[in-house]
Amino acid sequence: MPPAGRNDRITREKIIHAVLDEAFINSTGATSLADISARLGIKKASLYNHYVGRDTIIADTTRFCGEYLKHVTLVPPDLAGVAKKYSAETVLKGITRRWFKVNEKDPLFKIYSFIESEKYFSTDAAKILRDFRKKLTDQMHSVLSSLAEAGKIRDIKPVLLKDYAVLYTSMLRELVDSYIVQRKDEIRTNPEMGEDSLFGALPFEDTAVLDADRLAGRFIALLM
């Protein structure tokens, strides 16, 4: 991302996004105040007009990430209606593709990467990640429950249905992470594209679609 013009008004959100951009490329630990200010196109001392130091910037970035993740969802609004209308495989494929698409939107994966790296150093980041993963699992559980209620999958004991939700969410998260890391590596080997082109110039590829559809299809086969 090109640095902001020096006459641009520097806001909390711009600083946080600069942190996420730097951390995404160089890791959070390697991101300094000098890196953040350079990305913003300002002097390092100017950051002290907003924060008392690097630790407070990182802490505020963590809070921002937590608030953002609260609004991320896997499921469509009318989940019960969707489950009744479509086959189980179609529903799960749709949910799976939705998760890919959600992750393609900046800054979600930068946020997720930041929280993942900070979980070892911040109890707040660790809690945010736990809560986020639980939310995704709960949403997947609601998807499977809706399919069961609609008679689209076999009748499964509630405790087992929860286990299936945990299993699928874990596999889906690993599949999406692998895909995005691959795209990130391509950006690193083609720096002229810029990190803002992480997905803009790299559409959801056919191979990723096939992998996602295959995962959903095989998983639904276990529930029929």
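Residues numbered from 1 in each chain as written. Predicted model: local features only at pLDDT ≥ 70, side-chain atom pairs only at ≥ 80, totals over all residues. Heavy atoms only, no water.

This brings us to the overall build of the protein. A count of helical and extended segments in the protein gives nine helices and zero strands. Helices (α) and strands (β) of the protein occur, in sequence order from the N terminus, as α-α-α-α-α-α-α-α-α. Of all 224 residues assigned to the protein, the portion counted as buried reaches 46%. Long-range pairs, those at least 24 residues apart, make up 71% of the contacts in the protein between residues at least 6 apart in sequence. Carbon and sulfur atoms form 55% of the exposed surface of the protein, whose accessible area is close to 11,700 Å². (Helix = DSSP H or I, 4+ residues; strand = E, 2+ residues; numbered from the N terminus. Buried < 20%, exposed > 50% of the residue type's maximum accessible area, 1.4 Å probe, protein only. Contact = heavy atoms within 4.5 Å. Areas by Shrake-Rupley, 256 points an atom, 1.4 Å probe, with all protein chains shown as cover.)

Moving on, we get to the packing of aromatic side chains. Considering all chains together, one arrives at five aromatic pairs under this definition. Between F64 and Y68 the ring centres are 6.4 Å apart and the planes differ by 40 degrees, which places this aromatic pair in the tilted class. Here the residue F64 and the residue Y68 both occupy positions in helix α3 (residues 54–69), the gap between them amounting to four residues, near one helical turn. On the accessibility criterion, F64 (14% relative accessible area) is buried. Ring centres of W99 and F132 lie 6.1 Å apart, and the angle between their planes is 45 degrees; on these two criteria the pair is classed as tilted. Remark: F132 occurs in helix α7 (residues 123–149) and W99 occurs in helix α5 (residues 88–104); sequence separation between them is 33 residues. (Phe/Tyr/Trp six-rings, centres within 6.5 Å; stacked < 30°, edge-to-face > 60°.)

Right, let's get into the environment of L223. Note on placement: L223 falls in helix α9 (residues 206–223). The class of L223 is buried, set by a relative accessible area of 0%. C-alpha separation for the pair L223 and I153, spaced 70 residues apart in sequence, amounts to 5.7 Å. For L223, the contacting residues outside a window of four places in its chain are L144, I153, R154, I156 and Y164.

In this section: empty space enclosed by the protein. Under the criterion given, the structure shown has one cavity of 30 Å³ or more. Counted as a void, the largest cavity has a volume near 40 Å³. Lining the largest cavity, in full, are W99, N103, Y112, R173, V176 and D177. Elements with a minimum of two residues in the lining of the largest cavity: α5 and α8 (158–189). Considering each element in turn, the lining of the largest cavity owes the most residues, three residues, to α8. Considering only residue class, the lining of the largest cavity consists of three nonpolar, one polar and two charged. (1 Å grid on protein atoms, 1.4 Å probe; cavity = no way out; pocket = protein on both sides within 12 Å on 5 of 7 lines; lining within 4 Å. Points joined across faces, edges and corners; volume = space filled by probe spheres on them. Nonpolar A, V, L, I, M, F, W, Y, C, P; charged D, E, K, R; others polar.)

This part is about the pattern of salt bridges. Per the stated rule, a full pass over the model turns up 14 salt bridges. Taking the shortest distance from any N to any O, the salt bridge between R63 and D60 comes out at 3.3 Å. Taken together, the residues R63 and D60, both in helix α3 and three residues apart, mark about one turn of the helix. A network of salt bridges, in which partner residues are shared, links D21, E22, R39 and K110. (Salt bridge = Lys/Arg side-chain N within 4 Å of Asp/Glu carboxyl O.)

As a further point, take unusual backbone geometry. One non-glycine residue with positive phi stands out, namely S27, at about 85 degrees. Tracing the backbone shows S27 in the loop between α1 (12–26) and α2 (33–40). On the accessibility criterion, S27 (36% relative accessible area) is partly exposed.

Another aspect to go through is the layout of surface pockets. Counted as a void, the largest pocket has a volume near 260 Å³. Around the largest pocket, the lining is made up of 14 residues, and of these G66, E67, K70, I128 and D131 lie nearest the centre. For the lining of the largest pocket, the elements supplying multiple residues, two or more each, are α3 and α7. Grouping the amino acids of the lining of the largest pocket by side-chain chemistry returns four nonpolar, three polar and seven charged.

This part takes up α3. Taking 1.5 Å of rise per residue, 16 residues should cover 22 Å, and α3 covers 23 Å from first to last C-alpha, within 8% of that figure. If you check which residues of α3 are buried, you get I57, I58, D60, T61, T62, F64, C65, G66 and L69. In the core, the buried residues of α3 are packed alongside α1, α2, α6 (108–118) and α7. (Expected span 1.5 Å × (residues − 1).)

This is a description of form; function is not addressed.
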